[in-house]
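Here is how the chains run, residue by residue.
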Amino acid sequence: MKRALLSLFVLSLAGCVADATIAEGDAPADVEAADALSRYTLDSTRLTPAASQVAPVKALRAEALTGQNVSAALLRAPVSPSVFKTVGTRTEYRVMDWELETDSATGRIMANRVAAVAAAAPQNELLLRADSLARLGELGVDPAEVGEVAQRKVMTESREDGVMTSAPELHSYKTFIARSINGIPVQGHRAVLTHAKDGSLRKVLVAWPALATTGHRLTSRLSLTQVKTR
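Since the model is a prediction, treat every value here as computed from it, not as a measurement.

*Asks:* Please explain the overall build of the protein chain as it appears in this structure.
*Replies:* Regarding its fold elements, the protein chain presents five helices and ten strands. The 230 residues of the protein chain split such that 26% are buried. Sequence separation of at least 24 residues holds for 54% of the intrachain contacts in the protein chain that already meet a minimum separation of 6.

The structure is reproduced here in structure tokens:
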């Protein structure tokens, strides 16, 4: 029986018995797919022809992702960073009370402040949002690259055996800044800046690769009908 099945499988690969594998009453796969598509309604109301676009003139460039610029502009550290370790395009630094890692090839930045947090004080979240955007701008990110910005509070609570034992308490503030090119979100590219309860910047996570000066294709040669078909 196994030998017969193997023979049928080999013959099927050769194209000799293509119809022999379809049981009586079964429809070919392409027929089933066509039938499924005929019963599917595509909502294309948000598909509109886009005018020809170019990349932002002042888009982030690779030279902005140096350890010196990141520490001075994003972290606002007044002293130059010292190199701790370099692996490929990834470099780890120490700068004042910051641990910093940059990767110029991928546009990734990670920074963590190790100093103690001062006493908590009421914070204006609009000012924290503005501070985050200003730091990103000083790094070299043009407003034309900034998309949606979300400001959130991080809360903590204690639980024991699944039962909450303390009321939720404010831990920190986070500003999420998404990247957008000509109004189109760039998936996976964003900056997250975390401020402590005293208003100080504590952590930075950035995925914002530099853009080349040329070679961008920001339009499609497909018609709306072709887009819907595909």
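*Asks:* Honestly, the confidence of the model for the protein chain in this entry has me stumped. Any pointers?
*Replies:* Residues shown with low pLDDT carry predicted positions that ought not to be read at fine detail. On average, residues of the protein chain score 83 in pLDDT, and 86% of them are at 70 or above. Confidence over residues 1-24 falls short of pLDDT 50; this stretch has five contacts with residues more than four positions distant or in other chains.

*Asks:* Help me understand the pattern of salt bridges in this model?
*Replies:* Between side chains of opposite charge, pairing is possible as soon as their charged atoms come close. Counting across every chain of the model gives ten salt bridges. The residue Asp131 makes a salt bridge to Arg135 at a minimum N-O spacing of 2.9 Å. Note that Asp131 and Arg135 are positioned in helix 4 (residues 125-139) at a spacing of four residues, about one turn of the helix. Given a relative accessible area of 10%, Arg135 falls into the buried group. For Lys197, the salt bridge goes to Glu169, with nearest N and O atoms at 3.6 Å. Of the two residues, Lys197 is situated in the loop between strand 9 (184-196) and strand 10 (201-207) and Glu169 in strand 8 (residues 169-181); the sequence distance between them amounts to 28 residues.

*Asks:* Before we go on, may I ask you to explain the nonpolar core in this structure?
*Replies:* As a rule of thumb, soluble globular proteins bury nonpolar side chains together. Counting 24 residues, the largest nonpolar core has Ile109, Leu136, Val204 and Trp208 as the members making the most contacts within it. Contributing elements (two or more residues each) for this core: helix 3 (67-74), strand 2 (90-95), strand 3 (98-103), strand 4 (108-113), helix 4, strand 9 and strand 10. Among the elements that make up this core, the one with the highest residue count is strand 10 (three residues). Not counting chain neighbours up to four residues away, the residues in contact with Leu136 comprise Leu74, Val141, Ile177, Ala191 and Trp208.

*Asks:* How should I be thinking about helix 3 in this particular structure?
*Replies:* Given 3.6 residues per helical turn, the α-helix brings residues three or four places apart onto the same face. For helix 3, the full list of buried residues reads Gly67, Val70, Ser71, Ala73 and Leu74. Buried residues along helix 3 sit against strand 2, strand 3, strand 4, helix 4 and strand 10. Downstream of helix 3 by a residue or two, Arg76 has a phi angle that is positive, lying close to 55°.

*Asks:* Explain the environment of Val79 to me, please; I cannot follow it from the model alone.
*Replies:* Summarising the element assignment, Val79 is placed in the loop between helix 3 and strand 1 (82-87). Considered as a pair, Val79 and Gln68 are eleven residues apart in the sequence and their alpha carbons are 8.9 Å apart.

*Asks:* Hey, could you run me through the side chain of Arg202 in this one?
*Replies:* Counting through the fold element by element, Arg202 comes out in strand 10. The residues contacting Arg202, other than those within four sequence positions of it, are Trp98, Ala111, Asn112, Arg113, Val114, Ala115, Ala116, Val117, Thr194, His195 and Ala196.

*Asks:* Sorry, what's going on with the sheet that holds strand 2 here?
*Replies:* The pairing of strands in a sheet happens through backbone hydrogen bonds and is either parallel or antiparallel. One open sheet accounts for eight strands, arranged 1-2-3-4-10-9-8-5; its pairing is antiparallel. Looking along the sheet, the strands with just one partner apiece sit at the ends: strand 1 and strand 5 (146-156). Neighbour to neighbour, the strand axes of the sheet diverge by 15° on average, direction disregarded. With nine bridges joining them, strand 8 and strand 9 adopt antiparallel strand pairing. Across the sheet, Ala178 pairs through a bridge with Arg190, a residue of strand 9. Most of the contacts of helix 3 go to strand 3, to which it runs at about 130°, and overall it touches strand 2, strand 3, strand 4 and strand 10.

Rules behind the numbers
Every chain is numbered on its own, with residues counted from 1 as its sequence reads. Local features in this predicted model are restricted to residues whose pLDDT is 70 or higher, and side-chain atom pairs enter the listing and the counts only when it is 80 or higher, whereas totals over whole chains, interfaces and linings include all residues. The side-chain values count all of the structure's non-hydrogen atoms but skip hydrogen atoms and water molecules. Think of it this way: any DSSP run of H or I at least four residues long counts as a helix, any run of E at least two long counts as a strand, and we number them from the N terminus. Think of it in three bands: residues with accessible area under 20% of the maximum for their type are buried, residues over 50% are exposed, and the middle band is partly exposed, with areas taken using a 1.4 Å probe on protein chains only. The contact rule is simple, with two residues in contact once any of their heavy atoms fall within 4.5 Å. Note on scores: pLDDT gives the predictor's confidence for each residue, bounded by 0 and 100. One speaks of a salt bridge when a side-chain nitrogen belonging to Lys or Arg is within 4 Å of a carboxyl oxygen belonging to Asp or Glu. To define a nonpolar core, start from buried Ala, Val, Leu, Ile, Met, Phe, Trp, Tyr and Cys residues and group those joined through side-chain atoms within 4.5 Å. DSSP-based pairing: two strands are paired if at least 2 bridges between them are found. As a rule, the C-alpha atoms of each element are fitted with a line to give its axis, helices using only the stretch in contact, and angles between N-to-C directions run from 0 to 180 degrees.

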